[in-house]
Amino acid sequence: MEDSLKPNKIKTVRPETLEFIILYNQLRGRAFNNNTELAEALGFNSASSITEIIKSRQNIDPEKLKIFKEKFGEQLGIRKTAEKPVVQRSEEGIPMYDIIATASGVEVYNDINDSLPVGRMNFPGIEECDFALPVWGHSMYPYLENGCWVALKIINDKKILPGEVYYIEWGDYRMYKRLLASDNPEEVIAHSDNVTEMVGGRLKYAPFPIRIDEIKKLCLVKDIHKKHNH
């Protein structure tokens, strides 16, 4: 008769209960003085609830364990270890997005925010930059070579310095261009540095006007990381 009842007396102690007991023993007398004080901090009705967990291995509600670790996280060193990686990641450099941004302007526009970074670029001189993109195409050669990475600074007020090279999202396209002043103050001239390639006796990458108010994103090219030829 007694043997048939033994299986029913076996109690499964969950991992969170064992964790609570270990942490309880570590902090007793340091973070709290007695079970009454701890029960009040965790929202238990009485100190006996704590006693049942510690002495009788009564399983703790996972939410109570979460509250316990939040309240005494500093004493356990939990908050410090959780916060450090977040701070460090912000100092690793600017995000790199491996989306096609051709200098010839033939790729359909896709929002960078829909992509995930493939890495981070970090070297002196690009601290104020916002992100990096690769270059595909030859219209800005030799200034921008096919395959190099470019560190970019977002220009929110769209103030353009004539003669500088920018990454622009315009219409349904993305491109790198040297923006020149136009006779029309509402426009800029998108100029390509590659003036050697010809098609049918005409420049392959001919300059063209762009209305400033139609530019969706304007970023100044701040630094270029050219690929190495081995």
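Residues numbered from 1 in each chain as written. Predicted model: local features only at pLDDT ≥ 70, side-chain atom pairs only at ≥ 80, totals over all residues. Heavy atoms only, no water.

Judged by nonpolar contacts, the single largest core of 18 residues is most densely connected at F20, F32, L38, I50 and F68. Looking at this core, the elements with two or more residues in it are helix 2 (15–27), helix 3 (35–42), helix 4 (47–56) and helix 5 (62–71). With five residues, helix 2 is the largest single contributor of residues to this core. Among residues more than four places away in sequence, those in contact with F68 are F20, L23, Y24, L27, F32, L38 and L42. One finds I99, V135, L152 and V165 within the second-largest nonpolar core, a separate group that totals 15 residues. (Core = buried A, V, L, I, M, F, W, Y, C linked by side-chain atoms within 4.5 Å. Buried < 20%, exposed > 50% of the residue type's maximum accessible area, 1.4 Å probe, protein only. Helix = DSSP H or I, 4+ residues; strand = E, 2+ residues; numbered from the N terminus. Contact = heavy atoms within 4.5 Å.)

As a further point, take the state of the cysteines. Within this structure, the stated rule accounts for zero disulfides. Here C219 stays unpaired: no disulfide links it, and the sulfur of C129, its closest cysteine neighbor, is 9.8 Å away. (Disulfide = S-S within 2.5 Å.)

Bringing the side chain of D193 into the picture now. Among the structural elements, D193 can be located in the loop between strand 7 (187–191) and strand 8 (198–199). Only 2.6 Å separates the side chain of D193 from the side chain of R178, close enough to count as a polar contact. Look past the residues within four positions of D193 in its chain and what remains in contact with it is S139, M140, Y141, Y143 and R178. (Polar contact = N/O pair within 3.5 Å; in protein donor to acceptor, adjacent residues only side chain to side chain.)

This part covers the packing of aromatic side chains. A complete count under the given rule lists nine aromatic pairs for this structure. Taking the centre distance of 5.0 Å and the plane angle of 70 degrees together, the rings of F20 and F68 count as edge-to-face. Here F68 lies in helix 5 and F20 lies in helix 2, a separation of 48 residues in the sequence. Take F20: its relative accessible area is 0%, and that puts it in the buried class. A relative accessible area of 0% places F68 in the buried class. Between the aromatic rings of F131 and Y167, the centroid separation amounts to 6.5 Å while the plane-to-plane angle is 85 degrees, which identifies the pairing as edge-to-face. Of this pair, F131 sits in strand 3 (residues 131–134) while Y167 sits in strand 5 (residues 165–170), and the two are 36 residues apart along the sequence. (Phe/Tyr/Trp six-rings, centres within 6.5 Å; stacked < 30°, edge-to-face > 60°.)

Let's shift gears to unusual backbone geometry. The residue after Y141, namely P142, is reached through a cis peptide bond having omega 10 degrees. Tracing the backbone through its elements, the reader meets P142 in the loop between strand 3 and strand 4 (149–154). Of note in this structure, R57 is not a glycine but carries a positive phi near 60 degrees. Following the sequence through the fold, R57 ends up in the loop between helix 4 and helix 5. At K158, a position not held by glycine, the phi torsion is positive, near 60 degrees. Structurally, K158 can be placed in the loop between strand 4 and strand 5.

The next point concerns the confidence of the model for the protein. For the protein, the mean per-residue pLDDT works out to 81, and 80% of the residues sit at or above 70. Within the protein, strand 7 carries the highest mean pLDDT (96), whereas helix 7 (residues 78–89) carries the lowest (40). Across residues 4–9, where pLDDT falls below 50, the model places zero contacts with residues more than four positions away in sequence or in other chains. Across residues 79–90 the pLDDT falls below 50, and counting only partners more than four positions away or on other chains, this stretch makes five contacts in the model. (pLDDT = per-residue confidence, 0-100.)

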